[in-house]
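The residues making up each chain are set out below.
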Amino acid sequence: MASIRSTNTKPEMLVRKYLWSQGFRYRLNNPRLPGHPDIVLRKYRTCVFVNGCFWHGHDGCKYFRMPKTNTDFWEKKIKRNKNRDIEEQKKLAKMGWHCITVWECELKQDKRAKTLASLAFTLNHIYLQDRSITYPKIEEECELEQAAEPVPTP
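Residues numbered from 1 in each chain as written. Predicted model: local features only at pLDDT ≥ 70, side-chain atom pairs only at ≥ 80, totals over all residues. Heavy atoms only, no water.

Asks: Where do I start with the sheet that holds strand β3 (residues 46-51) in this structure?
Replies: Across a sheet, paired strands are connected by hydrogen bonds in the backbone, their directions being either parallel or antiparallel. Taken in spatial order, the four strands make up an open sheet running β1-β2-β3-β4, and their pairing is mixed. The two strands at the open ends of the sheet, each matched to only one other strand, are β1 (27-28) and β4 (98-103). Across six bridges, the pairing between β3 and β4 is parallel. Within the sheet, the bridge partner assigned to Cys-47 lies in β4 and is Cys-99. (Pairing = 2+ DSSP bridges. Helix = DSSP H or I, 4+ residues; strand = E, 2+ residues; numbered from the N terminus.)

See the structure below:
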């Protein structure tokens, strides 16, 4: 297990290259945030987690199968990983951050373009929704005085 990488994995690199090419700027593995998210987009207040289907126990995925040997150990380990992921995302949500999880199986060749386009759409939607400014409506009946005009005296 020492040869298993936790950063700069192939799925993570695919997401990073796509985001950069689309003009999204980010930081990697921010140690100040809970869970050290893989990609942190401060402008969008969004954290992106790129999860491997096996290590994070992707339910209903054909790439996640419980090993047949040492099953007790693996069940506990994967359950701990799932619980930790949920807790970290709750902490981030309390801090006002959005969390997006991209699964390894969604980055396979047949689904990659759709997944990455969906990610970009979601980030833009989050940005627009967070930055929407609503101005109060000015009623047309009310006459407003302009600073350049003198106030008529009766």
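Asks: Would you mind showing me how to read unusual backbone geometry here?
Replies: For residues besides glycine, phi is generally negative; the peptide bonds are generally trans as well. A positive phi angle is found at His-36, which is not glycine, with a value near 45 degrees. By the secondary structure assignment, His-36 is in the loop between β1 and β2 (39-41). Of note in this structure, Asn-70 is not a glycine but carries a positive phi near 55 degrees. Among the residues examined, Asn-70 registers a relative accessible area of 52% and is labelled exposed. (Buried < 20%, exposed > 50% of the residue type's maximum accessible area, 1.4 Å probe, protein only.)

Asks: Explain the packing of aromatic side chains here, please?
Replies: Any pair of aromatic rings gets described here by the distance separating the centres and the angle formed by the planes. Counted by the stated rule, this structure contains eight aromatic pairs. Ring centres of Phe-54 and Trp-55 lie 5.1 Å apart, and the angle between their planes is 80 degrees; on these two criteria the pair is classed as edge-to-face. With relative accessibility at 27%, the residue Trp-55 sits in the partly exposed group. Connected via pairs of aromatic rings, a cluster forms that spans Phe-54, Trp-55, Phe-64, Phe-73 and Trp-74. Taking the ring centre of Trp-97 as reference, the NZ or CZ of Arg-45 above it sits at 4.7 Å. (Phe/Tyr/Trp six-rings, centres within 6.5 Å; stacked < 30°, edge-to-face > 60°. Lys NZ or Arg CZ within 6 Å of the ring centre and 35° of its normal.)

Asks: Looking at this structure, I do not really get helix α1 (residues 10-21). What am I missing?
Replies: The periodicity of an α-helix, 3.6 residues per turn, causes residues three or four places apart in sequence to face the same way. Taking 1.5 Å per residue, twelve residues should reach 16 Å; α1 reaches 17 Å between its end C-alpha atoms and fits that length. A positive phi of about 95 degrees marks Gly-23, the residue just after α1. (Expected span 1.5 Å × (residues − 1).)

Asks: Hey, could you run me through the pattern of salt bridges in this one?
Replies: When charged atoms on two side chains of opposite charge get close, those side chains can pair. Applying the stated criterion to the full structure yields four salt bridges. Here Asp-59 and Lys-82 are joined by a salt bridge, their closest N and O atoms 2.8 Å apart. Here Asp-59, found in the loop between β3 and α2 (71-94), pairs with Lys-82, found in helix α2; they are 23 residues apart in sequence, far enough to count as distant. Ionic pairing is found between Lys-111 and Glu-106, a salt bridge with its closest N-O pair at 3.8 Å. (Salt bridge = Lys/Arg side-chain N within 4 Å of Asp/Glu carboxyl O.)

Asks: Would you mind going over the packing of α1 against helix α3 (residues 112-130) with me for this structure?
Replies: When two helices pack together, their arrangement is captured by the angle between the axes and the distance separating the axes. Look at α1 against α3: their axes get within 11 Å of each other, and the N-to-C directions meet at 55 degrees. Accordingly, the angle class assigned to the pair α1 and α3 is oblique. The two elements α1 and α3 meet at a crossing, and its hand is right-handed. From α1, Leu-14, Val-15, Tyr-18 and Leu-19 reach across to α3, where they touch Arg-112, Leu-116, Ala-117, Leu-119, Ala-120 and Leu-123. Counted by class, the contact of α1 with α3 contains nine nonpolar, no polar and one charged residues. (Axes fitted to C-alpha atoms, helices over the stretch in contact; angles between N-to-C directions. Parallel < 35°, antiparallel > 145°, perpendicular 65-115°, else oblique. Left-handed = near helix turned anticlockwise from the far one by under 90°. Contact = heavy atoms within 4.5 Å. Nonpolar A, V, L, I, M, F, W, Y, C, P; charged D, E, K, R; others polar.)

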